[in-house]
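# Observations on chain architecture
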Amino acid sequence: MKTIKRRVEEELAAGNIGCNRSCAYHPSHFRGQNCTFCYCPFYPCEDPRNGYFVKNTKIGDIWSCEDCLFIHRNETVEFALPRIKEKGVEAGDHEGMMEIFRETMDRCWKPGRAIMVVGATSDAGKSMTVAALGRILLRKGYLCAPFKSQNMSLNSRVTSKGHEIAMVQMLQAQAMGLTIPDYHMNPILLKPKGNTESQVMVEGKPFGDYDVQSYYNDFVPGPGRDIVKRNVDFLKDRFDLVLMEGAGSPAEINIYDKDIANMRAAELADADCILVVNVEWGGSFAYAIGTVELLPPEDRKRIKGIILNNVRGDPEKMRSGADELARRCGIPVIGIIPHADVQLPQEDSESFRGVKTRGTGSKRIAVIKLPRIANFTDIDPLYTEDTTVVFADCPEDVTTADAIVIPGTKNTVDDYMWMEETGIADAIKTMRGKVPILGICGGYQMMGAELRDPNGIEGREPGTHKALGLFDNITYWDRYEKRVVRDRADMIDGGGEVEGYEIHMAKTEVKEKPLFSMTNHNRKGELEGSVREDEMLYGTYIHGVLDKPAFRKRFLSKIKSRGQVPASESMEAGDYNDFIDMNLDKLADAFESGMDMDAFMRIVEGKE
Amino acid sequence: MKSLLFLGTSSGAGKTTLDAAFCRYLARKGVKVAPFKASNLSLNSYVTLGGEEIGMGQAFQAWASGLEPTGDMNPVLLKPSGPGRMQVVLRGKPYMDIDRDSAMDRKAVMEKACESYDKLLAQYDAVICEGSGSPAELNLMDTDMANVGMMRARNVTSILVADIERGGVFAAIYGTWMLIPEEVRPLLKGFVINRFRGDASILAPGIERIEELTGMKCYGIVPYEVLKFPEEDSMSDNGGAIGNGDIHKEFVANLDKLIDSAIEAGVDFEGIEKLLAQ
């Protein structure tokens, strides 16, 4: 407490410093945060709207306010700082400070509102709408948080506290200027296991395996509702706005009572809703009115606006139809959004459906289209390079490639068997030493000599399976255990830095030269991955290994010239994060151009 | 008069395929059947033996019916040729180019399309028509030919194909039904749900509710089949290549597989056949 007291004294003397951009940790919470009170003068305020007790630590219960945003808001500082000085309260005078704290809370704290984006179909563009609206509101000075009660996706990320949530909520958090997304933003994550079951993750940790029946009959009416409620309430206490995302369509009337991802979540959060319809496949007016009209009246009245999304061609051509739709539903159409040509990570592997290649660059990268492909956003940074990414599902795709990437999977054993059945495994073996090959997570496991699954934890059949044998490594699934961790590492040969995260069952006994050395402060020097530079073989558990330019450039530089004119670099090798940020702005611009902003802001302010 | 129109809740709902499957089903029973689509927006065209250009979908439907494709099966083919520009192919021959400034005489073109339809109806026991896109495009309702256009011009009994793959299928069916103009709505007799995976019993309460709300009948749930069909729609990117070998035979074999699995899943082809007489 002594240190804190001294720091607070220094802070009070320094005055309102606003953002401290020179700080190495800036922004520690959100873009534009006020850093005046790096140490909180009110600690411990013990107000549940700002923090909670961590129970039973070695020194008893400890008040934690690491998620508190209140103290970093301009209004708070602008009110509290002069008040402390006026009243002559000194650092360390907790009674005095608490009086000012209560005044400040009364004056500056208000509970957030929730707005929910529901979609007429599963790829209506809900996720991107939430991201776009979040970025628009960030520019207007709102502090927003994303929320999706239940997400079914194999595309997850690890938060800074080691919790697993859906990738797309992390992306939305980035759109909203948040630097520390956490599990509250996606408290239920369903990861399909490839059979009829899904692994259910609750608040970032494995909770259990459920099939459809048991999920809807046991989980949802059991713990489900409470999980949704407590997490969305947590966010409403801390943010101006919680931008919620529904799942699929809210009008699935056959399972209406069992759904906690759409209108029930809206009810629990008391959210106003915006319905998004993808115009691209046609029938959008029918989807919109059908969705609205199938909702029971008490849910229908939550829908305050309709967005017609992804219009190619002249949006004005939709206008007469939009007016007629609004008249018939009694709900305004608040946006006719042009198709935005942005490059952002995709939510579902379903988006791959039917797509064979992406990009038109000179280097053909075969990405094996594993049936249970997971964390496929790993390959997205390749799109920023001079590449054509081919989603390979036959041996020819592999043998004609300039480089091969074997991505992650929810089921390494079953997907390896698929590679053998399709002849892709043999095709990869014939390319050994001819083109660079990278395996990530499940793909890395497959590059080894054996997959040992004696208890059938991973595969359909227990046993040992021979794998590609590009490395001598052996991977074991000896117990039901999951490793979820964030990584920061350097290439061992000094090539540069990578950053990412690991999510996997199984352990790999590495018999190769390691690729990376960890730089996380508590794991410094730990070795990771495998490399055979002479054969251009690379393997790692680190998702996101291609995000930073260092390793991506190394991998692509191994591609032998094919006698073509060297393509000029489409963009400077950059941090993928900046690239994403630029695209989020582009997306927000497209939405702003097509939205009735006044109507939207009335919904935001709860005036509709 | 024996005809039936397959409408879809969106592009890619499976109209072309289910229309072809129904043609094949009738042809297997010995019915003399021909396909028809009043107007088609596609760059994927086929040239008939008579040198007429028609949509690829109708060519395949013709083969499913055991026929050689003819120009009457797709009297209007619209081929986008640039931003806001299209070539109009009428009964297989280039007719005119339209753009923002020069519109086509829709009424005259529709009359020609109807003549083709009448001709097929006189020649065959049954004409199985296909709609285009969604019939519920509020902004296009007045210019529609293949959907509401045919319902208005020739009172064709209709059935709606709804794609469940993207979700929102009940909203799509109910919304489409609601937005079809009242004067032709009674022609819409039923619907089928296409591309379903899993245990169909889970859908029952939703289907009952839609039947109750609309008076339409559900003629079945078509299971998802991985079929490599040619893509008629310029927007789809399914790389619909059929492997090597005889493309027609493979296509028809594909249809047989689809029909068999649909019948096994309880799709009421006989019920749909009865709609023909109405």
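Residues numbered from 1 in each chain as written. Chains lettered and ligands numbered in written order. Predicted model: local features only at pLDDT ≥ 70, side-chain atom pairs only at ≥ 80, totals over all residues.

Before going further, it helps to examine the overall build of chain B. Scanning chain B for helices and strands turns up eight helices and twelve strands. Its C-alpha atoms give chain B a radius of gyration of 18 Å, within 12% of the compact-globule value 19 Å for 278 residues. Once the C-alpha set of chain B is aligned to its principal axes, its extents read approximately 50 × 45 × 35 Å. Across the 278 residues in chain B, those meeting the buried criterion constitute 53%. Restricting to contacts in chain B with at least 6 residues of sequence separation, those with at least 24 account for 71%. (Helix = DSSP H or I, 4+ residues; strand = E, 2+ residues; numbered from the N terminus. Rg over C-alpha atoms; globule rule 2.2 N^0.38 Å. Buried ≥ 20, exposed ≤ 12 C-beta atoms within 10 Å, placed from the backbone. Contact = placed C-beta atoms within 7 Å.)

This next bit is on the overall build of chain A. Within chain A, the regular secondary structure consists of 17 helices and 31 strands. Relative to the 2.2 N^0.38 estimate, which gives 25 Å for 608 residues, the radius of gyration of chain A is 26 Å and therefore close to what a compact globule would have. A fraction of 73% describes how many contacts in chain A between residues 6 or more apart in sequence connect residues 24 or more apart.

Let us look at the confidence of the model for chain A. On average, chain A scores 91 in pLDDT, and the residues at 70 or more come to 96%. Taken as a whole, residues 563–571 of chain A scores under 50 in pLDDT and shows eight contacts with residues more than four places along the chain or in a different chain. (pLDDT = per-residue confidence, 0-100.)

Next up on the list: the nonpolar core. Residue and element names in this part refer to chain A. Counting residues in each nonpolar core, the largest one holds 201 residues, and the members touching the most others are V242, M244, L275 and L308. Residue assignment places this core across two domains, with domain 1 (2–108) and domain 2 (113–151 + 166–181 + 224–343 + 586–604) each supplying three or more. The contacts of L308, once residues within four sequence positions are left out, are V277, V279, S284, M318, A322, V333, G335, I336 and I337. Listed in part, the 57 residues of the second largest apolar core include I424, L438, Y444 and F471. (Core = buried A, V, L, I, M, F, W, Y, C linked by C-beta atoms within 7 Å. Domains from an automatic or database assignment.)

Our next topic: the packing of helix α5 (residues 169–179) of chain B against helix α6 (residues 204–214) of chain B. All names here are of chain B. At their nearest, the axes of α5 and α6 sit 10 Å apart, and the two run at 5° to each other. Here α5 lies roughly parallel to α6, going by the angle between them. Contacts between α5 and α6 involve F170, I173, Y174 and W177 from the first element and G206, I210, L213 and T214 from the second. Its residues assigned to classes, the contact of α5 with α6 comprises six nonpolar, two polar and no charged. (Axes fitted to C-alpha atoms, helices over the stretch in contact; angles between N-to-C directions. Parallel < 35°, antiparallel > 145°, perpendicular 65-115°, else oblique. Nonpolar A, V, L, I, M, F, W, Y, C, P; charged D, E, K, R; others polar.)

Time to look at the sheet that holds strand β3 (residues 39–41) of chain B. Residues and elements named next belong to chain B. Spatially, the four strands line up as an open sheet ordered β3-β6-β7-β8, and their pairing is mixed. The open sheet is flanked by β3 and β8 (93–98), the only strands paired with a single partner. Taken pair by pair, the neighbouring strands of this sheet meet at an average axis angle of 25°, ignoring direction. Two elements, strand β7 (residues 85–90) and β8, share five bridges in a ladder whose sense is antiparallel. Across the sheet, residue V89 finds its bridge partner in β8, namely P94. (Pairing = 2+ DSSP bridges.)

Bringing the domain arrangement of chain A into the picture now. Here the domain parsing of chain A yields domain 1 (2–108), domain 2 (113–151 + 166–181 + 224–343 + 586–604) and domain 3 (349–568). A straight line from the C-alpha centre of domain 2 of chain A to that of domain 3 of chain A covers 35 Å.

Of the residues lining the interface, 32 residues belong to chain B; the matching set on chain A comes to 31 residues. With nine residues, the top contributor of residues to the side of chain B that touches chain A is α5(B). Residue composition of the side of chain B that touches chain A, by class: 13 nonpolar, 15 polar and four charged.

To continue, consider unusual backbone geometry. Residues and elements named next belong to chain A. Of note, the amide linkage connecting H26 to P27 takes the cis form, showing an omega dihedral of -10°. Of the consecutive residues Y43 and P44, the connecting peptide bond is found in the cis state with omega at -10°. Of note in the backbone geometry, N56 takes a positive phi value of approximately 55° without being a glycine. Note that N56 resides in strand β1 (residues 52–57).

Turning our attention to the environment of B:D163. Secondary-structure assignment places B:D163 in strand β10 (residues 158–163). For B:D163, the contacting residues outside a window of four places in its chain are B:T9, B:S10, B:G12, B:A13, B:G14, B:N194 and B:R195.

On to the confidence of the model for chain B, then. For any part of a model where pLDDT is low, the fine detail of the predicted coordinates should not be relied upon. All names here are of chain B. For chain B, the average pLDDT comes to 89, and 91% of its residues sit at 70 or higher. Across residues 231–245, where pLDDT falls below 50, the model places 34 contacts with residues more than four positions away in sequence or in other chains. Scored as a whole, the predicted complex attains pTM 0.84, and scored at its interfaces, ipTM 0.92.

Residue and element names in this part refer to chain A. End to end, helix α16 (residues 576–594) covers 28 Å across 19 residues, agreeing with the expected 27 Å (1.5 Å per residue, within 8%). Of the positions making up α16, those classed as buried are Y576, I580, L584, L587, A588, A590 and F591. End-on, the buried residues of α16 take up no more than an arc of 155°, which puts them together on one face. In the core, the buried residues of α16 are packed alongside α4 (126–139), α5 (167–175) and β14 (333–338). (Expected span 1.5 Å × (residues − 1). Arc of directions from axis to C-beta.)

Direction vectors running N to C along helix α8 (residues 284–294) of chain A and α5(B) enclose 105°, while the axes themselves pass 7 Å from each other. As summarised for this structure, α8(A) and α5(B) are arranged roughly perpendicular, according to the angle between their axes. Listed contacts from α5(B) to A:F285, A:A286, A:Y287, A:A288, A:I289, A:G290, A:T291, A:E293 and A:L294 of α8(A) are B:F170, B:A171, B:A172, B:I173, B:Y174, B:G175, B:T176, B:M178 and B:L179. Each residue belonging to the contact of α8(A) with α5(B) can be placed in one class, and the counts come to 13 nonpolar, four polar and one charged.

Moving on, we get to the sheet that holds strand β1 (residues 3–8) of chain B. Residue and element names in this part refer to chain B. On the basis of which strands lie adjacent, the open sheet formed by six strands has the order β2-β9-β1-β10-β11-β12 and parallel pairing. One side of each edge strand has no neighbouring strand; the edge strands of this open sheet are β2 (33–36) and β12 (217–223). Taken over all neighbouring pairs, the strand axes of this sheet differ in orientation by 20° on average, direction set aside. Bridging between strand β11 (residues 188–196) and β12 involves four bridges; their strand directions are parallel. Its bridge partner lying in β12, F191 is registered against C218. In this fold helix α1 (residues 15–28) packs onto β1, β2, β9 (126–130), β10, β11 and β12, with an angle of close to 170° to the strand it touches most, β9.

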